[in-house]
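One letter stands for each residue in the lines below.
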Amino acid sequence: MFSKDSTNTRHLHPDFSLFFTFRFPFLIIFSTFAPQSFHKEMKIFTSVKELRAALDRVEPSGIGFVPTMGALHAGHRSLVERARRENDTVVVSVFVNPTQFNDKNDLKHYPRTPEADARTLEEAGADFVLMPSVEEIYPEPDTRVFDFGQIDKVMEGATRPGHFNGVAQVVSRLFDIVRPARAYFGEKDFQQIAVIRAMVAQLNLSVRIVECPIVRGEDGLALSSRNQLLDAEHRAAAPHIYATLRRAVERSREMDPAALKAWVTAEVERNPLLKVIYYQSVDALTMQEVASWEDAPRIQGCIAVQAGEIRLIDNIRIR
């Protein structure tokens, strides 16, 4: 940009001032009206009402939204950065939702790092961040019960009762607050994306769900806020999960889904620190386990593993 002295005609000889004013009037206009910086300062809100007032002043079709539970890592950052590239206004929520935890001890120990999260989000280019209390999101108890057929009854739904109903409650509430054109979710929570798509269809919402690739560490472990809760031994063992999934893609060429399920379970559990909760090869749309590789056009291998006190999930495309 021009410096102040170079564009303010009061510092020029009167004759030159007149010359510049008539010959190059855009310089005067630029100096007077152009912003001094193109950087927009990120704003953090704890009040839903105040965030909504700010969003009422922006173009709705340009709002991208990334809902998170905080303890942000490079995977979350990649979602925000993609939203930044594709939208005029980027909103991020940081809220640990109590209704999706069937284990209250898990809720109590879920990592919370609001100061670090704020720094990460500013660096990633977020415009507005909502960090609300439980009372802001749920001024009254949310008693809604969703029915997604069989999508939420298997895998995570079967082993974590009520989890996906809580996810649907909070995501629908956040969509109502933010009213985004696009919302960004990571593929690590593969079944969750299917549930949210079903919820969007059920409630007839206009938001587009954008599915983003899993971000992994150098050792292949899918990035997760829960990883920081792993002790050193289990952290060292955890990359064996993805290594097994990668080999499962190759093994699927010579095994049917049932045989592959048995192989994956045995292979992961060759490490005594890892215990398979489930592994299933599922139709990527319905989340139902397939009996044959011809049962669906896209098949995803989904796994949950207990690593000490911490539950880890991952997935890979098989077909």
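Bear in mind the structure is a predicted one, so any value in this text is a computation, not a measurement.

Moving on, we get to the packing of aromatic side chains. If you walk through the whole model with that rule in mind, you get five aromatic pairs. Note on F45 and F128: the rings are 5.7 Å apart at their centroids and 85° apart in plane angle, and the pair reads as edge-to-face. With a gap of 83 residues between them, F45 in strand 1 (residues 43–45) and F128 in strand 4 (residues 128–130) connect regions that are remote in the sequence. For the pair F45 and F128, one class covers both residues: buried. Measuring from ring centre to ring centre gives 5.8 Å for F101 and Y110, while their planes differ by 75°; the resulting arrangement is edge-to-face. The exposure class of F101 is buried, given its relative accessible area of 5%. Directly above the aromatic system of Y242 lies the positively charged group of R216, at a separation of 3.5 Å from the ring centroid.

The next thing to look at is helix 10 (residues 163–178). Under the 1.5 Å per step criterion, the end-to-end length of helix 10 is 23 Å for 16 residues, consistent within 8% with the ideal 22 Å. For helix 10, the tally of buried residues reaches 14 of 16 residues, placing the bulk of the element in the interior.

Attention now goes to the confidence of the model for the chain. Of all residues in the chain, 88% have pLDDT values of 70 or greater, and the mean over the chain is 90. When the criterion is pLDDT under 50, residues 1–38 qualifies, and its contacts beyond four places in sequence or with other chains add up to 19 contacts.

Quick look at helix 4 (residues 48–55) now. For an α-helix, the turn length of 3.6 residues means that residues three or four places apart are oriented alike. When helix 4 is considered as a whole, its buried residues turn out to be V48, L51, R52, A54 and L55. Viewed end-on, helix 4 has its buried residues packed into an arc of 160°, placing them on one side of the element. Looking at helix 4, the residues exposed on the side facing more than 90 degrees away from the buried face are K49 and E50. Buried residues along helix 4 sit against strand 1, strand 2 (63–68), strand 3 (89–94), strand 4, helix 8 (134–137) and helix 10.

This part covers the packing of helix 10 against helix 11 (residues 190–203). How two helices pack is summed up by the angle between their axes together with the distance between the axes. Running from amino to carboxyl end, helix 10 crosses helix 11 at an angle of 55°, the nearest separation of the two axes being 10 Å. Classified by the interaxial angle, the pair formed by helix 10 and helix 11 is oblique. Of the two elements, helix 10 crosses helix 11, and the hand of that crossing is right-handed. Residues F164, V167, A168, V171, S172 and F175 of helix 10 pack against Q191, Q192, V195, I196, M199, V200 and L203 of helix 11. Per-class residue counts for the contact of helix 10 with helix 11 are ten nonpolar, three polar and no charged.

What counts and how
- Residues numbered from 1 in each chain as written.
- Predicted model: local features only at pLDDT ≥ 70, side-chain atom pairs only at ≥ 80, totals over all residues.
- Heavy atoms only, no water.
- Phe/Tyr/Trp six-rings, centres within 6.5 Å; stacked < 30°, edge-to-face > 60°.
- Helix = DSSP H or I, 4+ residues; strand = E, 2+ residues; numbered from the N terminus.
- Buried < 20%, exposed > 50% of the residue type's maximum accessible area, 1.4 Å probe, protein only.
- Lys NZ or Arg CZ within 6 Å of the ring centre and 35° of its normal.
- Expected span 1.5 Å × (residues − 1).
- pLDDT = per-residue confidence, 0-100.
- Contact = heavy atoms within 4.5 Å.
- Arc of directions from axis to C-beta.
- Axes fitted to C-alpha atoms, helices over the stretch in contact; angles between N-to-C directions.
- Parallel < 35°, antiparallel > 145°, perpendicular 65-115°, else oblique.
- Left-handed = near helix turned anticlockwise from the far one by under 90°.
- Nonpolar A, V, L, I, M, F, W, Y, C, P; charged D, E, K, R; others polar.

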